Amino acid sequence: MKKRGLLILSVSAALCAAASFTALGATGWQQVNENGTLRYVYYNNYGDLERSTWVKGDSDNQWRWIDSDGYMAVNSLVDDGQYCVDENGRMVVNQWRQISIDGELKWMYFGSSGKAVTDGWKQISGAYYFFDDDGIMQTGWVDEDRYYCADNGVMKKGWQLIEPPEDYDDDGTGPQTAGNDGKYWFYFLDSGKVVRAEDSEDYVEKKIGDARYCFDDTGVMQTGWVKVADKTPAITGYRFCVDSEGVSGYKYGEVLTATWWSAEAPEADDFDSGDVDWYYLGRTGEPLAGEVTDDGNGGELFTEGLERVDGKTYLFNDMGNPVSGLRKVKTSSGNKAMYFGEGEAEPAQKGTHRIDDGVGNKETFEFNSSGYGYDGVHDGRLYYMGRLQKATDGSRAFIRVNGEVYLVSNSGSILKNKEYKSDGEIEYKSDGSGKRSGGYGEIIDAEEPEFTVD
């Protein structure tokens, strides 16, 4: 910042001319020669030499300081360092001055009363500055490390790439970009206060412009996985912040929303962080996730996790990953089978599929338009949890699905109005819908298929 009219004080500056004062004989200002240097003194109406006090000039009505030796001070801090006088001895008002303190040049500002601004914030020419107890303008982190002042002292706002406070624990693994030499991104509000987590929070999420970002308790902008809340499932308390520059369509550090993203899992909360998995980050950035419980038979039952993404249905586990394979899900009408392909992040499949039964054999499954496996009769065939039911020992069999017994062939077709005898006795008999209507043939209960387990 260019400060107009700022002067560097120097004890070697020229003294004011004698004509600047009106000599009044035994009273008023008098010029004296001190060891070859012209100095000014002031005698009061009693003829006494004034010391350590302010006196007004006779002709210009300006305040001047008389030091303890009785001489008018010039180019120096006076009156316990709270005021400053210029090369003519006049009190400095509404001005910046650069002062040499312990061999270093420091900036101070003297207000309308001439007194140095101290201990806090001061707005000067539209900008804010921070001063310490001695009136020295501060730079860097100030006011309990909540604000930052540039080298010219101006309080910063908006995004700033700067070094963190001195007590910041920089372990070298933080969210730095290449070549930043220990600098991090911070965001300062219009008030100048840095955005940071407060109280017991580790991280805070803040919308800035059209994007959201995460910051730690110092104010450092975070990248990668950031835990902003304790939730169940744990992954839903995380946000993923873009962790590299130049990612097309995203700003560095931005919380990803409404998008698929592949990454290693967070390092905390017992995630398996060694593998790269897919996640879908919802409208607010919260990863979609489900709930997986024991189905009572040693298998997995997804009680939550079915989500619509871009018009397609996906199933997410409690780690936030979309699952593949044949899965058992809980619905309002009971447990259902759904198939999510064998690749990564595939939606629920529809129609006919050949799926491995877990021991190397392929079995036929049929899924409706919602992705649920059929239960009961569909297109003249019998299904249970999507798997085609068929006679496996002989050409026909009674198979029970959801409490109803049907007569089916070894291809899975429903056998309607059929009667089969063995040794003159009816072994299998069905009505017009294919349901059992007689016969002593064994009734086989349909079994659940072999579901995929993570």
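Residues numbered from 1 in each chain as written. Predicted model: local features only at pLDDT ≥ 70, side-chain atom pairs only at ≥ 80, totals over all residues. Heavy atoms only, no water.

K.L.:
I'd like to hear about the sheet that holds strand β39 (residues 443–445), residue by residue, with values.
P.N.:
Across the sheet, 3 strands lie side by side as β35-β34-β39; this open sheet has mixed pairing. Single-partner strands in this sheet number two, and they are β35 (404–409) and β39. In this sheet, neighbouring strand axes are inclined to one another by 40 degrees on average, regardless of whether the strands run parallel or antiparallel. Of the strand pairs in this sheet, strand β34 (residues 396–401) and β35 are connected by 6 bridges, and their pairing is antiparallel. Across the sheet, the residue bridging to Ala397 is Val408, located in β35. (Pairing = 2+ DSSP bridges. Helix = DSSP H or I, 4+ residues; strand = E, 2+ residues; numbered from the N terminus. Axes fitted to C-alpha atoms, helices over the stretch in contact; angles between N-to-C directions.)

K.L.:
Mind laying out the nonpolar core, listing which residues take part and the relevant values?
P.N.:
Grouped together as the largest cluster of nonpolar side chains are 18 residues, with contacts concentrated most on Leu326, Ile355, Phe367, Leu382, Ile399, Val401 and Val408. Elements with a contribution of two residues or more to this core: β28 (334–339), β30 (362–367), β32 (381–384), β34 and β35. The element contributing the most residues to this core is β34, with 3 residues. Apart from the residues within four sequence positions on either side, Val401 is in contact with Gly376, Leu382, Tyr383, Tyr384, Gln389 and Ala446. Grouped together as the second largest cluster of nonpolar side chains are 13 residues, Leu256, Trp261, Phe271 and Leu281 included. (Core = buried A, V, L, I, M, F, W, Y, C linked by side-chain atoms within 4.5 Å. Buried < 20%, exposed > 50% of the residue type's maximum accessible area, 1.4 Å probe, protein only. Contact = heavy atoms within 4.5 Å.)

K.L.:
Describe the pattern of salt bridges, listing the residues and the values that go with them.
P.N.:
Close approach of charged atoms lets side chains of opposite charge pair. Following the criterion strictly, the structure yields 21 salt bridges and no others. In this structure, the salt-bridge partner of Arg64 is Asp60, at a minimum N-O distance of 2.8 Å. For Asp445, the salt bridge goes to Arg400, with nearest N and O atoms at 2.6 Å. Taken together, the residues span a long stretch of sequence, with Asp445 in strand β39 and Arg400 in strand β34 at a distance of 45 residues. Put simply, Glu144, Arg146, Arg196 and Glu198 are held in one network by salt bridges that share partners. (Salt bridge = Lys/Arg side-chain N within 4 Å of Asp/Glu carboxyl O.)

K.L.:
Before we move on, can you summarise the sheet that holds strand β36 (residues 419–422) with the specific residues and values?
P.N.:
Taken in spatial order, the 3 strands line up as β36-β37-β38 in an open sheet, and their pairing is antiparallel. The sheet terminates laterally at β36 and β38 (436–438), the two strands that pair on one side only. Here the strands of the sheet are splayed against their neighbours by 25 degrees on average, with no regard to which way each runs. Note that β36 and strand β37 (residues 425–430) share 4 bridges and pair antiparallel. Across the sheet, the residue bridging to Lys421 is Ile426, located in β37.

K.L.:
Run through the environment of Val309, naming residues and quoting values.
P.N.:
Take Val309: it is sitting in strand β25 (residues 306–309). Note: C-alpha distance between Val309 and Ala258 (51 residues apart in sequence) is 8.8 Å. Excluding its chain neighbours within four sequence positions, the residues that come into contact with Val309 are Trp260, Tyr280, Leu288 and Tyr314.

K.L.:
Give a detailed account of the packing of aromatic side chains, specifying residues and quantitative values.
P.N.:
Inspection of every chain in the model, using the stated rule, returns 32 aromatic pairs. For the pair Trp141 and Phe188, a centre-to-centre distance of 5.7 Å together with 40 degrees between the ring planes defines the contact as tilted. On the criterion of sequence distance, the pair formed by Trp141 in strand β13 (residues 140–142) and Phe188 in strand β16 (residues 184–188) is long-range, its members being 47 residues apart. Residue classification places Phe188 among the buried positions, given a relative accessible area of 0%. Pairing Tyr339 with Phe367 gives two aromatic rings, centres 6.1 Å apart and planes at 20 degrees, and the pair type is stacked. Of this pair, Tyr339 sits in strand β28 while Phe367 is found in strand β30, placing the two residues 28 residues apart along the sequence. Residue Tyr339 shares its accessibility class with Phe367, and that shared class is buried. Stacked on the ring of Tyr420, the Lys or Arg Arg396 has its end atom at 3.7 Å from the ring centre. (Phe/Tyr/Trp six-rings, centres within 6.5 Å; stacked < 30°, edge-to-face > 60°. Lys NZ or Arg CZ within 6 Å of the ring centre and 35° of its normal.)

K.L.:
Tell me about the side chain of Gln389, and please be specific about residues and values.
P.N.:
You can see Gln389 is positioned in the loop between β33 (387–388) and β34. Exposure remark for Gln389: the relative accessible area of 7% places this residue in the buried category. At a separation of 3.1 Å, a polar atom in the side chain of Gln389 contacts the main-chain carbonyl oxygen of Arg387. Setting aside its immediate chain neighbours within four residues, Gln389 contacts Leu382, Tyr383, Tyr384, Ile399, Val401, Val408, Gly412 and Ala446. (Polar contact = N/O pair within 3.5 Å; in protein donor to acceptor, adjacent residues only side chain to side chain.)

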